[in-house]
Amino acid sequence: MRVSVDPDLCQGHNRCYALAPELFEIDDFGQSTARVDNVPPELQDKARLAVANCPEFAISIEED
Ligand code: F3S
């Protein structure tokens, strides 16, 4: 599984980071980026949770 954040859509709500700090990092402007390219199996549920909780629909995952 791969996870990514669309920088044009992210508005800095930070829910992704609150739910899965292992997968996302927030820059000084509040923008999120994915910390990992390949999501390890134990974090895949968290990745899906982040997708479901981003109010801007900025996070996408690509299943293997
Ligand atoms: Fe951005 Fe959505 Fe996270 S708006 S900071 S990707 S919850």
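Above this text sits the structure in question.
In this report, the structure presented in the accompanying data block is examined. (Residues numbered from 1 in each chain as written. Predicted model: local features only at pLDDT ≥ 70, side-chain atom pairs only at ≥ 80, totals over all residues. Heavy atoms only, no water.)

### Observations concerning the pattern of salt bridges
As a reminder, the rule being used: Salt bridge, as used here, is a side-chain nitrogen of Lys or Arg placed within 4 Å of a carboxyl oxygen of Asp or Glu. Secondary structure elements follow DSSP: runs of H or I of four or more residues count as helices, runs of E of two or more count as strands, with numbering from the N terminus. Burial classes follow relative accessibility: with a 1.4 Å probe on protein chains only, a residue under 20% of its type's maximum area counts as buried, one over 50% as exposed, and anything between as partly exposed.
Scanning the model with the defined rule gives 6 salt bridges in all. Between R2 and D64 there is a salt bridge, with the nearest N and O atoms lying 3.2 Å from each other. Here D64 lies in the segment after β4 (59-62) and R2 lies in strand β1 (residues 2-5), a separation of 62 residues in the sequence. The partly exposed category is assigned to R2, whose relative accessible area is 35%. Notably, a salt bridge pairs R48 with D45, separated by 3.2 Å at the nearest N-O pair. Taken together, the positions of R48 and D45, both in helix α2 (residues 44-53) and 3 residues apart, correspond to about one turn of that helix. Salt bridges here are not isolated pairs; linked through shared partners, they connect R2, E62 and D64.

### Some points on the site of the ligand
In plain terms, the rule: The criterion for a residue being near a molecule or strand is simple. One of its heavy atoms has to lie within 4 Å of it. Polarity classes work like this: nonpolar for Ala, Val, Leu, Ile, Met, Phe, Trp, Tyr, Cys and Pro, charged for Asp, Glu, Lys and Arg, and polar for all others, with Gly in that last group.
Taken together, V5, C10, Q11, G12, H13, N14, R15, C16, S32, C54, E56 and I59 are the residues near the ligand. Here the shell around the ligand is composed, by residue class, of 5 nonpolar, 5 polar and 2 charged.

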